[in-house]
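Chain and residue survey
Here is how the chains run, residue by residue.
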Amino acid sequence: MTILQELADAISQKIILSTIDTAKPAQQIAADNGLPLSSTYKKIRKLCNMKLLCVDRIQIDNSGKKVFFYKSKIRSCQFYLRQDGPLLQFERNEAACVIEGIRVSR
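Now for a description of the structure that goes with this document.

Criteria and thresholds
- Residues numbered from 1 in each chain as written.
- Predicted model: local features only at pLDDT ≥ 70, side-chain atom pairs only at ≥ 80, totals over all residues.
- Heavy atoms only, no water.
- Helix = DSSP H or I, 4+ residues; strand = E, 2+ residues; numbered from the N terminus.
- Buried < 20%, exposed > 50% of the residue type's maximum accessible area, 1.4 Å probe, protein only.
- Contact = heavy atoms within 4.5 Å.
- Polar contact = N/O pair within 3.5 Å; in protein donor to acceptor, adjacent residues only side chain to side chain.

**Topic: the environment of Asp21**
Inspection of the secondary structure assignment puts Asp21 in the loop between α2 (10-18) and β1 (24-25). For Asp21, a relative accessible area of 59% corresponds to the exposed category. Measuring from C-alpha to C-alpha, the distance between Asp21 and Asn93 comes to 8.6 Å, with 72 residues separating the pair along the chain. When neighbours within four sequence positions are excluded, Asp21 is seen to be in contact with Lys71 and Arg75. At a separation of 3.2 Å, a polar atom in the side chain of Asp21 contacts the side chain of Arg75.

By themselves, these figures tell us nothing about what the structure is for.
Below you can see the structure in the form of structure tokens.
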């Protein structure tokens, strides 16, 4: 799936929009947006692979499990249809992603 197709997806939009300002764990993203948790994890993995979302930080919860906090790497996006072809222009989310290269699995 191309980036434009992924950005047109309603679940992807909700995940990106809910993580622009604040990094959130998958459970909170799903709860805030009324999304199934399994679908949320699948989209998060896909968005991370496409470099649109990243792991902002990792915390250990009370039971000793790692909790990944995700943040959008983009603040906004504009689509232009031009004579020489379509153009997708992103505004980078400067406050995102101090941790790079983390493999997201679930």
